[in-house]
Amino acid sequence: MDQLISLIQAAVIFGTVIMFGCVGEIFTEKAGILNLGVPGIMYLGGISSLAGAFFYEQNAENPNRFMCLLISFLCAFLAAALGGLIFGFLTITLRANQNVTGLTLTIFGSGIANFFGGSLNKLAGGVGQISVPVTSAVYRKAIPGLSGLGFVGKMVFSYGFMVYMIIILAILAQYFLSKSRKGLSLRAIGESPSTADAAGINVTLYKYLAVCIGAGISGLGGLFYVMDYTKGTWANDGSIEKLGWLAVALVIFATWKPKHAIWGAYLFGILYWMYFYVSGLTRSSQELFKMLPYLVTLIVLVITSLRKKREQQPPMSLGTAYFREER
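The structure displayed is predicted, hence computed values, not measured ones.

Among the secondary structure elements, Thr106 is positioned in helix H4 (residues 98–124). Among residues more than four places away in sequence, those in contact with Thr106 are Leu36, Gly37, Val38, Pro39, Gly40, Glu241 and Trp245.

Listed below in structure tokens is the structure:
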């Protein structure tokens, strides 16, 4: 029973990181923009939140918990949104190739993050020495009272607030995209920007907003990784990049629906960490278990392609630059 609880808890924390990246990317792709820079965006969110929290805690005699939360949260969201803005300028205004630009953003984000991560470690006294305990404790604090309710408390209520925040955000994103007028306009742009433009929708504005807001949400995945997953530390081991690509895979698995990202993210977490709870595995077998989320995504992609249901397909204009003068 303890192993089951540990597996579920690990899956929830792991799934929360990639769910932020997935929901943000779905929001972006619904506008017809393919941003493969999600790992880089998550890097930017993670290092910015850590830097903001570090300098505040270093310069405040008694760090205020609310200020720790506010500074780190804003730093992560704004830095990630800025990365999205740069991507948007290159792909929307300059009409650069979205695939190449996204991959470049991933390289850029990881390079910037690891450079400043190393610099922060030196400021803190040496490699691996940086820590923001006050800020990290705020993000990891479980719901008071409810986390002690035995089995249910450990399974459901033993997490920080961001675990519940992304579930609510995914539900709201689903409602926005399927029920609200602006959400339907956004989807119309993703399907046929020329038709949406002819209907009086400001295609460029919607695309920029989708890219920046989507990147900001994805960046919160990097924030959660740093503050909760690694408990306020920084390591140049490439883990954020791996999780970023899993978030992109989860978009396909969820068939571009935020509500499916909720259970899909936790399933990915279980599949990824299952090897840790199976005895007698060799190192090669462990790597095969880590491959399972990608394999499941591939199977889902094949099945949805064969079924040819429009609601399970990506937006028709995904990855294609819009030339208004050719309308």
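Relative to the 42 Å expected for 29 residues at 1.5 Å per residue, helix H3 (residues 65–93) spans 41 Å between its end C-alpha atoms, a close match to the ideal helical length. Every buried residue of H3 is accounted for by Cys68, Ser72, Ala76, Ala79, Ala80, Ala81, Gly83, Gly84, Phe87, Gly88, Thr91 and Ile92. Those residues of H3 that are buried are in contact with helix H2 (38–59), H4, helix H5 (133–140) and helix H10 (203–229). Sitting at the amino-terminal end of H3 is Asn64, which places a side-chain oxygen 2.9 Å from the backbone nitrogen of Phe66.

To continue, consider empty space enclosed by the protein. Within the structure shown, the criterion is met by one cavity of 30 Å³ or more. Considering only enclosed or pocket space, the largest cavity measures out at about 30 Å³ in volume. Gly24, Glu25, Thr28, Asn35, Val38, Ile41, Gly214, Ala215 and Ser218 together form the lining of the largest cavity. For the lining of the largest cavity, the elements supplying multiple residues, two or more each, are helix H1 (2–29), H2 and H10.

What follows covers the packing of H1 against helix H11 (residues 239–253). Where H1 contacts H11, the axes come no closer than 8 Å and their chain directions differ by 55°. In this view, H1 runs oblique relative to H11, as classed from their interaxial angle. When the axes of H1 and H11 are compared, the crossing they make is right-handed. Between H1, through Phe14, Val17, Ile18, Met19, Gly21, Cys22, Glu25, Ile26 and Glu29, and H11, the contact on the second element is made entirely by Leu243, Leu246, Ala247, Leu250 and Val251. Looking at the contact of H1 with H11 residue by residue, the classes come out as eleven nonpolar, one polar and two charged.

What counts as what
Residues numbered from 1 in each chain as written. Predicted model: local features only at pLDDT ≥ 70, side-chain atom pairs only at ≥ 80, totals over all residues. Heavy atoms only, no water. Helix = DSSP H or I, 4+ residues; strand = E, 2+ residues; numbered from the N terminus. Contact = heavy atoms within 4.5 Å. Expected span 1.5 Å × (residues − 1). Buried < 20%, exposed > 50% of the residue type's maximum accessible area, 1.4 Å probe, protein only. Polar contact = N/O pair within 3.5 Å; in protein donor to acceptor, adjacent residues only side chain to side chain. 1 Å grid on protein atoms, 1.4 Å probe; cavity = no way out; pocket = protein on both sides within 12 Å on 5 of 7 lines; lining within 4 Å. Points joined across faces, edges and corners; volume = space filled by probe spheres on them. Axes fitted to C-alpha atoms, helices over the stretch in contact; angles between N-to-C directions. Parallel < 35°, antiparallel > 145°, perpendicular 65-115°, else oblique. Left-handed = near helix turned anticlockwise from the far one by under 90°. Nonpolar A, V, L, I, M, F, W, Y, C, P; charged D, E, K, R; others polar.

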